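Now for the letters of each chain:
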Amino acid sequence: MVPIPKYLVKNSTLIRHKGNKVIVAFQCDCGSNTFAVARNKLTRAERELLKPYYDALENSLSRYGSWCTEDENGQIHYWKQLSDDQNDVTEVYIPPKPPFATVTVLKAKCTSCGKEHILFDSRINGYDAMTSEDRDDTEYVPHYNIYSKKQYNLEICIENDESLEEFIEATGIKESEEFYSDAFSWIAIYGIDENQKRRKLFDLETA
Ligand SMILES: [Zn+2]
């Protein structure tokens, strides 16, 4: 069975498992299992900061072709061809991607005792987060949408495409099974409302 991620295990009850997937129900420390949920969002100022990056990306494309090269210092250069002429090439500057651009956090608030739980944080949970070394986004403090008016029972589905042995072989990381449990490949979070309607609130490929 795919292990339940260690950061969730204290608040999880196994519903079922099959192949490389495990599904758990999430409950609060107080015993309640009804939550409102909220996802992080970028502020207006952050969206402004991202604009030059996305504009530059868009500008880097050309119908005559675009590509990148790496110089001897490991620096990536972006190029695009401006016309039919293969020598008509210009370098495009793409500023560094702001570190907060890909941060995804989903949290839940217990409707009974008010305790907040982080259900997923892309910087610390999942394969990429567990296996990447120098992250530049860990200091970032996310902003959130307001909590959903709807209240849900939560189910979390975890998929892990590698066995512990494959994980150790691929990454060279000889950590415990608990470490591996947080290095899952995919997560989906489902909410079941008071009418027993089940909907997917969130899912993300994490590898
Ligand atoms: Zn609670």
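Structure first, text after, so check above.
Residues numbered from 1 in each chain as written. Predicted model: local features only at pLDDT ≥ 70, side-chain atom pairs only at ≥ 80, totals over all residues. Heavy atoms only, no water.

Enquirer: When you look at the pairing of strand S8 (residues 116-121) in this model, what are you seeing that I'm missing?
Expert: Consecutive residues of a regular strand have side chains that alternate between opposite faces of the sheet. By the bridge criterion, five bridges tie strand S7 (residues 105-110) to S8 in an arrangement that is antiparallel. Of the residues in S8, the one forming a bridge with Lys107 is Ile118. From the end of S7 to the start of S8, which pair antiparallel, there are five residues, and Gly114 there has a positive phi angle of about 85 degrees. (Pairing = 2+ DSSP bridges. Helix = DSSP H or I, 4+ residues; strand = E, 2+ residues; numbered from the N terminus.)

Enquirer: Can you help me understand the sheet that holds strand S12 (residues 198-205) in this one?
Expert: Across a sheet, paired strands are connected by hydrogen bonds in the backbone, their directions being either parallel or antiparallel. Spatial strand order, S1-S2-S10-S11-S12: five strands in an open sheet with antiparallel pairing. The open sheet is flanked by strand S1 (12-18) and S12, the only strands paired with a single partner. In this sheet, neighbouring strand axes are inclined to one another by 20 degrees on average, regardless of whether the strands run parallel or antiparallel. Across seven bridges, the pairing between strand S11 (residues 186-192) and S12 is antiparallel. When the bridges of S12 are listed, Tyr190 appears paired with Lys200. (Axes fitted to C-alpha atoms, helices over the stretch in contact; angles between N-to-C directions.)

Enquirer: In this structure, what is going on with the coordination of the zinc ion? I would like to understand it.
Expert: Donor atoms from the polypeptide that bind the zinc ion are Cys28 (SG), Cys30 (SG), Cys110 (SG) and Cys113 (SG), placed at 2.3 Å. Bound by four donor atoms, the zinc ion shows angles of 104 to 115 degrees at the metal and therefore tetrahedral coordination geometry. Spacing between the donor residues of the zinc ion along the chain follows C-x1-C-x79-C-x2-C. Cys30 gets classed as partly exposed once you look at its relative accessible area, which sits at 42%. (Donors = N, O, S within 2.8 Å, 3.2 Å for Na, K, Ca; no water. Tetrahedral: all angles 85-135°; square planar, octahedral: opposite > 155°, others 65-115°. Buried < 20%, exposed > 50% of the residue type's maximum accessible area, 1.4 Å probe, protein only.)

Enquirer: Whenever I open this one, the nonpolar core confuses me. Can you help?
Expert: Buried together is how nonpolar side chains tend to be arranged in soluble globular proteins. Ranked by internal contacts, the top residues of the largest apolar core, which has 23 residues, are Leu119, Leu154, Ile156, Ile158, Ile187 and Ile189. Beyond its immediate chain neighbours, meaning those up to four positions away, Ile187 contacts Tyr7, Leu119, Phe120, Ile156, Cys157, Ile158, Phe202, Asp203, Leu204 and Thr206. Within the second largest apolar cluster, eight residues are counted, among which are Tyr127, Leu164, Phe179 and Tyr180. (Core = buried A, V, L, I, M, F, W, Y, C linked by side-chain atoms within 4.5 Å. Contact = heavy atoms within 4.5 Å.)

Enquirer: Whenever I open this one, the packing of aromatic side chains confuses me. Can you help?
Expert: A full pass over the atoms with the stated rule returns nine aromatic pairs. Ring geometry for Phe120 versus Phe184: centroids 6.4 Å apart, planes at 50 degrees, classification tilted. Of this pair, Phe120 sits in strand S8 while Phe184 sits in the loop between helix H5 (177-182) and S11, and the two are 64 residues apart along the sequence. Using a relative accessible area of 0% as the deciding quantity, one classes Phe120 as buried. On the basis of relative accessible area, Phe184 is assigned to the buried category, the value being 0%. Three or more aromatic residues joined by ring pairs make a cluster, and in this case those are Tyr7, Phe120, Phe184 and Phe202. Over the aromatic face of Tyr144 sits the side chain of Lys107, whose NZ or CZ is 3.8 Å from the ring centroid. Over the face of the ring belonging to Tyr190 we find Arg198, whose NZ or CZ atom lies 4.1 Å from the ring centre. (Phe/Tyr/Trp six-rings, centres within 6.5 Å; stacked < 30°, edge-to-face > 60°. Lys NZ or Arg CZ within 6 Å of the ring centre and 35° of its normal.)

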